[in-house]
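The lines below spell out each chain.
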Amino acid sequence: MSEYLPELGRFSEDGRSYTIHSSHTPHGWTQFLYNNQYLVSLDVGGRGMSSYRRPGGLWTRLIFEGRMPRRIYLRDQEDGTIFYMPGSEGCEFTIGAALAQYKARFDGLEVTMSVSVPGDFLGEAWRVSVRNTGERPRKLLLTGFFPLTPTGYPTNFGYTGSIYIEYHEELGGVFFDNHDPDRPDPLYNAYMIQDAPVQSFDTSSATFIGKGSIDEPDGRVLDHVGVVEWIRAVWIM
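Just so it is clear, the structure is predicted and the values come from calculations on it, not from any experiment.

### A word on the pairing of strand β13 (residues 140-145)
Here is the key point about a regular strand: its side chains alternate between the two faces of the sheet.
Then comes step 1: Across the six residues that make up β13, a large majority, six, are buried.
Then comes step 2: Where burial is concerned, the two faces of β13 agree: the one with Leu 140, Leu 142 and Gly 144 and the one with Leu 141, Thr 143 and Phe 145 are both buried.
Then comes step 3: Summarising the sheet, strand β7 (residues 71-76) and β13 pair through six bridges and their orientation is antiparallel. When the bridges of β13 are listed, Arg 71 appears paired with Phe 145.

This is the structure in structure tokens:
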């Protein structure tokens, strides 16, 4: 492994973490975060699985390995510039015991995204910080993106219409209730919840990407939100 270190990353001075600063790593560089009920895997690009364990011991995946990545997008509401991570040029990925953190600098902004699986929490937790290191004030929109499979299994039968989705303002969360007629799951209802106000959300990645790509979405979802003075959240599942 030492032959890769100078080109791909570096250890911290205390040796307890390793920071990857290249997006081109050898196969298998994956970080695992877990507790007794939940397991998450992450690579340098934000891809990986997210799974929970049922009472009988069976693991069910809510994010499937190899699909689209977890990401955050920042849009400058004055000039329309969009920045994303992980996966962007210059984004660093730091791993250690129970640690997975992405960090990047872009146009006077320092952006950090940490992913963890705390204690007995049945899910993965994101902590996102954006710091303005430039001299001018900024108007920014923060958007989260993740490839959730709310049924917990892939289906080719068009049963996505049986997933009931509701936004609960008092909880700041979007809840998914599975009513698949063939495979209902009363044990788990997937949800997204956060401590900042949800201004809008969408469950269609195609709507978000539009005629663009995952790296350059055409911004239709971002456009309808409007200009905001502070960072707000728009989640794309």
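This is not the end of the story, as more comes after the structure.
### Quick word on the sheet that holds strand β6 (residues 59-63)
Then comes step 1: The strand order β3-β4-β5-β6 describes an open sheet built from four strands, whose pairing is antiparallel. This sheet does not close on itself; its edge strands, each paired only once, are β3 (31-34) and β6. Taking each pair of neighbouring strands and ignoring which way they run, the sheet shows an average axis angle of 20 degrees.

### Considerations on a nonpolar patch on the surface
Then comes step 1: Taken together, the side chains of Phe 121, Leu 171, Tyr 191 and Ile 193 present a nonpolar region at the surface, about 340 Å² in accessible area.
Then comes step 2: Within the fold, Tyr 191 resides in strand β16 (residues 191-193).

### What to know about the sheet that holds strand β15 (residues 173-178)
Two orientations exist for strands paired in a sheet by backbone hydrogen bonds: parallel and antiparallel.
Then comes step 1: Pairing within the open sheet is antiparallel, and its three strands lie in the order β14-β15-β16. Of all the strands in the sheet, just β14 (163-168) and β16 have a single pairing partner and so form its edges. Each strand of the sheet is rotated relative to its neighbour by a mean of 15 degrees, with strand direction disregarded.
Then comes step 2: Here β15 pairs with β16 via three bridges, running antiparallel. Its bridge partner being in β16, Val 174 is matched across the sheet by Met 192.

### A closer look at the nonpolar core
Then comes step 1: In terms of nonpolar packing, the biggest core is built from 35 residues, with Leu 33, Leu 42, Leu 74, Met 85, Phe 93, Tyr 102 and Val 111 touching the most fellow members.
Then comes step 2: For this core, the element with the most residues is strand β11 (residues 109-116), which contributes four residues.
Then comes step 3: Apart from the residues within four sequence positions on either side, Met 85 is in contact with Arg 71, Ile 72, Cys 91, Tyr 102, Lys 103, Ala 104, Val 111, Thr 112 and Met 113.
Then comes step 4: Among the nonpolar cores identified, the runner-up in size contains six residues, and Tyr 73, Tyr 84, Ile 209 and Ile 214 belong to it.

### Brief notes about empty space enclosed by the protein
Then comes step 1: Enumeration over the complete set of coordinates arrives at one cavity of 30 Å³ or more.
Then comes step 2: Its volume calculated, the largest cavity comes out at about 40 Å³.
Then comes step 3: Forming the walls of the largest cavity are Leu 74, Arg 75, Asp 76, Thr 81, Phe 83, Phe 106, Asp 107, Leu 109, Arg 138 and Leu 140.
Then comes step 4: Among the elements that take part in the lining of the largest cavity, β7 stands out by supplying three residues, more than any other.
Then comes step 5: Looking at the lining of the largest cavity residue by residue, the classes come out as five nonpolar, one polar and four charged.

Calculation criteria
- Residues numbered from 1 in each chain as written.
- Predicted model: local features only at pLDDT ≥ 70, side-chain atom pairs only at ≥ 80, totals over all residues.
- Heavy atoms only, no water.
- Buried < 20%, exposed > 50% of the residue type's maximum accessible area, 1.4 Å probe, protein only.
- Helix = DSSP H or I, 4+ residues; strand = E, 2+ residues; numbered from the N terminus.
- Pairing = 2+ DSSP bridges.
- Axes fitted to C-alpha atoms, helices over the stretch in contact; angles between N-to-C directions.
- Patch = residues over 30% accessible without salt bridge, like charges linked within 9 Å, V, L, I, M, F, W, Y side chains within 5 Å.
- Areas by Shrake-Rupley, 256 points an atom, 1.4 Å probe, with all protein chains shown as cover.
- Salt bridge = Lys/Arg side-chain N within 4 Å of Asp/Glu carboxyl O.
- Core = buried A, V, L, I, M, F, W, Y, C linked by side-chain atoms within 4.5 Å.
- Contact = heavy atoms within 4.5 Å.
- 1 Å grid on protein atoms, 1.4 Å probe; cavity = no way out; pocket = protein on both sides within 12 Å on 5 of 7 lines; lining within 4 Å.
- Points joined across faces, edges and corners; volume = space filled by probe spheres on them.
- Nonpolar A, V, L, I, M, F, W, Y, C, P; charged D, E, K, R; others polar.

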